[in-house]
Amino acid sequence: NTTTSTSPCSTSAATSTPSRTAAPTTTASPSADTPSCTYDDVKAVVLAYGAKFGRDAIVDLLARYGVTSGKALKTGVYDQFVAEANACIGSGKVAA
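Owing to the predicted nature of the structure, the values given are computational and were not obtained by experimental measurement.

Enquirer: How should the pattern of salt bridges be read in this particular structure?
Expert: Side-chain pairs of opposite charge can arise whenever the charged atoms involved come near each other. Going through the model one piece at a time under the given rule, you end up with 1 salt bridge. Arg64 serves as the salt-bridge partner of Glu84, at 2.8 Å between the closest nitrogen and oxygen. Of this pair, Glu84 sits in helix α4 (residues 78-91) while Arg64 sits in helix α3 (residues 55-64), placing them 20 residues apart in sequence. A relative accessible area of 18% places Glu84 in the buried class.

Enquirer: Looking at this structure, I do not really get α4. What am I missing?
Expert: Spacing of three or four residues puts side chains on the same side of an α-helix, whose turn is 3.6 residues. When the terminal C-alpha atoms of α4 are compared, their 20 Å separation across 14 residues agrees well with the 20 Å that a helix rising 1.5 Å per residue should span. When we look at burial in α4, the residues that qualify are Tyr78, Phe81, Val82, Glu84, Ala85 and Cys88. Axial view of α4: buried residues confined to an arc of 165°, hence all on one face. Opposite the buried face of α4, at more than 90 degrees from it, the exposed residues are Gln80 and Gly90.

Enquirer: I tried to follow the confidence of the model for the chain on my own but got confused; where do I start?
Expert: Where the model shows low pLDDT, its predicted coordinates should not be examined in detail. Here the chain averages 78 in pLDDT, and 65% of its residues register 70 or above. Confidence drops under a pLDDT of 50 for residues 11-29, and excluding neighbours within four residues, the segment shows 4 contacts in the predicted structure.

Enquirer: Is there a simple way to explain helix α2 (residues 39-53) in this structure?
Expert: Taking 1.5 Å per residue, 15 residues should reach 21 Å; α2 reaches 21 Å between its end C-alpha atoms and fits that length. Those residues of α2 not exposed but buried are Asp41, Val42, Val45, Val46, Tyr49 and Gly50. Down the axis of α2, the smallest arc covering the buried residues is 155°, so these residues share one side. Facing away from the buried side of α2 by over 90 degrees, the exposed positions are Asp40, Leu47 and Ala51. In the segment just after α2, Gly54 is the residue with positive phi, at about 100°.

Enquirer: I tried to follow the environment of Ala57 on my own but got confused; where do I start?
Expert: Relative to the helices and strands, Ala57 is located in helix α3. In this structure Ala57 comes out as buried when scored by relative accessible area, which is 9%. Residues Ala57 and Ala95 lie 38 residues apart in sequence; the distance between their C-alpha atoms is 8.1 Å.

Enquirer: Explain the side chain of Asp41 here, please?
Expert: Here Asp41 shows up in helix α2. The buried charged residue Asp41 lacks any salt bridge, with Lys43 as its nearest oppositely charged partner at 12 Å. A polar atom in the side chain of Asp41 sits 2.7 Å from the backbone nitrogen of Thr38.

Enquirer: Would you mind going over the nonpolar core with me for this structure?
Expert: Where a protein is soluble and globular, its nonpolar side chains tend to be buried together. Formed by 19 residues in total, the largest nonpolar core has its most connected members in Val42, Tyr49, Ile58, Leu61, Leu73 and Phe81. Going through the elements one at a time, α2, α3 and α4 are the ones with two or more residues in this core. Looking at this core element by element, the count peaks at 5 residues for α4. In this view, Ile58 contacts Val46, Tyr49, Gly50 and Phe81; residues no more than four positions away in its chain are not counted.

Quick notes on the rules
- Residues numbered from 1 in each chain as written.
- Predicted model: local features only at pLDDT ≥ 70, side-chain atom pairs only at ≥ 80, totals over all residues.
- Heavy atoms only, no water.
- Salt bridge = Lys/Arg side-chain N within 4 Å of Asp/Glu carboxyl O.
- Helix = DSSP H or I, 4+ residues; strand = E, 2+ residues; numbered from the N terminus.
- Buried < 20%, exposed > 50% of the residue type's maximum accessible area, 1.4 Å probe, protein only.
- Expected span 1.5 Å × (residues − 1).
- Arc of directions from axis to C-beta.
- pLDDT = per-residue confidence, 0-100.
- Contact = heavy atoms within 4.5 Å.
- Lys, Arg positive; Asp, Glu negative; His and termini not counted.
- Polar contact = N/O pair within 3.5 Å; in protein donor to acceptor, adjacent residues only side chain to side chain.
- Core = buried A, V, L, I, M, F, W, Y, C linked by side-chain atoms within 4.5 Å.

What follows is the structure, encoded as structure tokens:
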């Protein structure tokens with residue numbers, strides 16, 4: 001089984017195709033509770049979003065997730081947060 005390419009961090013986190021035996025897993029497929037994004041991915045997108053749209057915009061985006069900083073985000077929303085921020089950066093439009 002391979003992971004789907006819909007993860008916002010799968011392509012940016014890996015530069016080559018991972019070996020099927022490289023990482024031990026406890027399940028055959030990734031759990032919904034296990035994000036593919038790490039805090040480093042969150043940090044990078046927070047900085048990029050802030051650089052593109054300004055401090056107030058990143059504060060507003062974080063507030064949508066009930067937090068005031070990237071460090072306060074729960075790991076369960078990393079993928080969603082990174083995907084939303086990257087979509088906004090790519091489209092040039094601040095999250096509504």
